[in-house]
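Descriptive analysis of the structure
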Amino acid sequence: MIPYTITDRKIKNMLTPFGYFDLIDAMAEPNCPVCRLLERDASKLLTTILYEYVTEPQTHATFRQSLGLCNVHGWQMAEQGNVMSIAVLYSAVIDEALKQSKNRSHNGQGLRGLFNRVPRSELSNALTPDTPCPVCDKLDENQSRYMSVFAEKMTDDRFMTAFKASDGLCLNHFRQVVALNSTPEFVITQRAKWQHLYDEMQEFIRKYDPTKADSAIGIEGDSWLRAIRQMVGEKGVFGKRSDNE
Ligand SMILES: [Zn+2]
Ligand SMILES: [Zn+2]
């Protein structure tokens, strides 16, 4: 039986998919709401690993399997500041690298190996992680969930009102959503964001021309930066696995 003290929000949380309210909140903030949530999730996850799971055997096993984090998340972890936990965790990673590299044949294919995608020497294979960066792995799962909420809720009035007032999705996340589902209203809304940004850039270009400078540059001044952000998403949100593949 549901206790009387339960709040409206808690009841709604039971009925709505996980991530719905997070996305509504993120759409009130600047930039792609999915990129924003993934940045938040990565930061939370790194904090949780360092402060709560650093002594768990399972965490050590996962870090040994993946030989630590990818480039992006490794540096994000370094910025967290919990240096003792990082030293404990990365002791396991370096220990694994020492184990895996011990007494392995390093006879490769010489220069021919440079042109093969898959490294062939036993040593090289042993140092190739079996599993992806654990933070990337979890973010992939969260991203799929956010994409599903968009696909499912694009006919929901509250969700669409928030989407219309937002900066829209980055190109990559928009493409992923419309691969699952789309409505004319959803596509028109996103295209209006691009059109607005395009118009702002034309205004910026016009004002930037020294021969036609007739007024000060206004809010269109950073339209070029917002255009990059719209097309590539937030820094570090995509392509995190590239160094493990
Ligand atoms: Zn995005
Ligand atoms: Zn990663």
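See the structure above.
Residues numbered from 1 in each chain as written. Chains lettered and ligands numbered in written order. Predicted model: local features only at pLDDT ≥ 70, side-chain atom pairs only at ≥ 80, totals over all residues. Heavy atoms only, no water.

**Section: the overall build of the protein**
When its secondary structure is counted, the protein shows 12 helices and 0 strands. Across the protein, helices and strands are ordered from the amino to the carboxyl terminus as α-α-α-α-α-α-α-α-α-α-α-α. Evaluated residue by residue, the protein yields a buried proportion of 33% over its 245 residues. Intrachain contacts of the protein at a sequence separation of at least 6 include 69% that bridge at least 24 residues. (Helix = DSSP H or I, 4+ residues; strand = E, 2+ residues; numbered from the N terminus. Buried < 20%, exposed > 50% of the residue type's maximum accessible area, 1.4 Å probe, protein only. Contact = heavy atoms within 4.5 Å.)

**Section: the coordination of the zinc ion (ligand 2)**
Ligation of the zinc ion (ligand 2) by protein atoms is provided by Cys 70 (SG), His 73 (ND1), Cys 133 (SG) and Cys 136 (SG), these donors lying 2.0 to 2.3 Å from the ion. In this structure, the zinc ion (ligand 2) is surrounded by 4 donor atoms whose angles at the metal cover 100 to 114 degrees, and the resulting shape is tetrahedral. Mapped onto the polypeptide sequence, the residues donating to the zinc ion (ligand 2) form the spacing pattern C-x2-H-x59-C-x2-C. A residue pair is termed long-range when its members are at least 10 positions apart, and His 73 in helix α5 (residues 71-78) and Cys 133 in the loop between α7 (122-126) and α8 (134-153) qualify at 60 residues. As far as the burial class goes, His 73 and Cys 133 line up, both buried. (Donors = N, O, S within 2.8 Å, 3.2 Å for Na, K, Ca; no water. Tetrahedral: all angles 85-135°; square planar, octahedral: opposite > 155°, others 65-115°.)

**So, the coordination of the zinc ion (ligand 1)**
Donor atoms from the polypeptide that bind the zinc ion (ligand 1) are Cys 32 (SG), Cys 35 (SG), Cys 170 (SG) and His 173 (ND1), placed at 2.1 to 2.3 Å. Bound by 4 donor atoms, the zinc ion (ligand 1) shows angles of 99 to 115 degrees at the metal and therefore tetrahedral coordination geometry. Mapping the donors of the zinc ion (ligand 1) onto the primary sequence yields the spacing C-x2-C-x134-C-x2-H. Of this pair, Cys 35 sits in helix α3 (residues 33-52) while His 173 is found in helix α10 (residues 171-180), placing the two residues 138 residues apart along the sequence. His 173 carries the same exposure label as Cys 35, and that label is buried.

**Some details on the packing of α8 against α10**
Between α8 and α10, whose axes approach to 9 Å, the crossing angle comes to 60 degrees. Relative to α10, α8 is oriented oblique. The interaxial crossing formed by α8 with α10 has right-handed handedness. Counting all contacts with α8, which are made through Gln 143, Met 147, Ser 148, Phe 150 and Ala 151, the residues of α10 involved are His 173, Gln 176, Val 177 and Leu 180. Taken together, the residues that form the contact of α8 with α10 break down as 5 nonpolar, 4 polar and no charged. (Axes fitted to C-alpha atoms, helices over the stretch in contact; angles between N-to-C directions. Parallel < 35°, antiparallel > 145°, perpendicular 65-115°, else oblique. Left-handed = near helix turned anticlockwise from the far one by under 90°. Nonpolar A, V, L, I, M, F, W, Y, C, P; charged D, E, K, R; others polar.)

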